[in-house]
Amino acid sequence: MERTDAFTKETRRMLEEEILKFPVEKMQDSMEVMLNARILWTYAAGYRVLKKEEYLLTATRTKDFFVEHFLDHKYGGVFWSLNPDGTRLDTGKRFRAMGAAIYGLSEYVVATGDESVLSYARNLFETTEKEGFDQESGLYRDMKSRDWGQAEPQLKDETFCTHLNILEGYTNLYKVWKDERLRSRIIALLTIMADKVLAGPCDEEGHGCRNIVEASWQMLKAAFAVRDIYVINKVRPVVRDLLAKAAGGDSGSKLCEKTEKVVADLWAWKYLNDGEAADRALACWDTIKGTSLEGKCGNGIFRLGRLCVEVSDMFM
């Protein structure tokens, strides 16, 4: 891959000089668990990659707030949203939020080795499996009430996002907890996504082209994490099909879409033997790197930061 050195330097510079200097307070205007889990992941990953104490301090402050306010220490799980003063706003339990929480907390463990934080992530895994997996349908539920009773869905069907976020969280947790049951659930999730969740073209079942582009590289990452050749061989053609579906849709017009496209193409280049994917990734990156973060939403900044970390993990 040509331009590797320049590419890695550019992404590293963006991570350090723009993403991690963006005021956390601006991203925390929304007191939703998803965004705060992603802020935790971003600063923990930033510390892991760049080894600067200031990022660890921010990650630790975010982790402490997250553990104190977002974790439900009575019933387990995480609250969906808080009021600005930290009191509870929406106490419903959405399982995609459980996946995001595991993702953020486990990254803090990857960066620091903190066993106490690992226990929180492990407990969320156990709760997700106990309360979230529906044996009858073979799928993970979207949501329950605070005390794990049935709840009327408050949003549109989120089956796709639920499974994607749980897979992301479980894969990251597996970095620091080589538990065989966790490994088996990652394999099961990949099978569920391939055989049930991802059937149909873009925009069916509530998932669009950006999301299936993200799913393509998340599934490859999970398959290679568990080191199972059968799973890898099962996932590869599914990922090729996802990228082919997304090619006909709007997967590259906005910042979030562009970031996912770059990462997906990098994974396709490295693990699907797609020689042209690297050029597509670099071309898309060229349209991103001059982007001003001023006025960007926290989700877009998180995805851009994750792109930078993925590049660092892949090439450095």
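Residues numbered from 1 in each chain as written. Predicted model: local features only at pLDDT ≥ 70, side-chain atom pairs only at ≥ 80, totals over all residues. Heavy atoms only, no water.

The protein chain is annotated in an unreviewed UniProt entry as AGE family epimerase/isomerase of Candidatus Cryptobacteroides avicola.

Draft legend 1. View of the nonpolar core. Phe66, Val78, Tyr170, Ile186, Leu190, Met219 and Val262 are the most contacted members of the largest nonpolar core, which totals 107 residues. In terms of residue count, helix α3 (residues 33-50) provides more of this core than any other element does, 13 residues in total. Discounting chain neighbours no more than four positions away, the residues touching Val262 are Phe7, Ala281, Cys284, Trp285, Ile288 and Leu307. (Core = buried A, V, L, I, M, F, W, Y, C linked by side-chain atoms within 4.5 Å. Buried < 20%, exposed > 50% of the residue type's maximum accessible area, 1.4 Å probe, protein only. Helix = DSSP H or I, 4+ residues; strand = E, 2+ residues; numbered from the N terminus. Contact = heavy atoms within 4.5 Å.)

Draft legend 2. How the structure looks around helix α10 (residues 229-247). Taking 1.5 Å per residue as the helical rise, α10 with its 19 residues ought to reach 27 Å, and the 27 Å between its terminal C-alpha atoms agrees with that figure. Between the side-chain oxygen of the N-cap and the backbone nitrogen of Tyr230 there are 3.0 Å, and the N-cap of α10 in question is Asp228. (Expected span 1.5 Å × (residues − 1). Polar contact = N/O pair within 3.5 Å; in protein donor to acceptor, adjacent residues only side chain to side chain.)

Draft legend 3. Quick peek at the packing of α3 against helix α5 (residues 95-112). Contact pair α3 / α5: the axes reach a minimum separation of 8 Å and the direction vectors enclose 20°. Taken as axis vectors, α3 and α5 run roughly parallel relative to one another. Between α3 and α5 the crossing geometry is left-handed. Every residue of α5 that contacts α3 at Val33, Met34, Ala37, Leu40, Trp41, Ala44, Ala45, Tyr47 and Arg48 is listed here: Arg96, Ala97, Ala100, Ala101, Tyr103, Gly104, Leu105, Glu107, Tyr108, Val110 and Ala111. When its residues are assigned to classes, the contact of α3 with α5 shows 16 nonpolar, 1 polar and 3 charged. (Axes fitted to C-alpha atoms, helices over the stretch in contact; angles between N-to-C directions. Parallel < 35°, antiparallel > 145°, perpendicular 65-115°, else oblique. Left-handed = near helix turned anticlockwise from the far one by under 90°. Nonpolar A, V, L, I, M, F, W, Y, C, P; charged D, E, K, R; others polar.)

Draft legend 4. Here's a closer look at empty space enclosed by the protein. Per the stated rule, a full pass over the model turns up 2 cavities of 30 Å³ or more. Approximately 50 Å³ is the volume attributed to the largest cavity. Lining the largest cavity, in full, are Tyr103, Glu168, Thr171, Asn172, Lys175, Trp217, Gln218, Lys221 and Glu310. Residue assignment for the lining of the largest cavity shows that the elements contributing at least two residues are α7 (159-174) and α9 (209-226). (1 Å grid on protein atoms, 1.4 Å probe; cavity = no way out; pocket = protein on both sides within 12 Å on 5 of 7 lines; lining within 4 Å. Points joined across faces, edges and corners; volume = space filled by probe spheres on them.)

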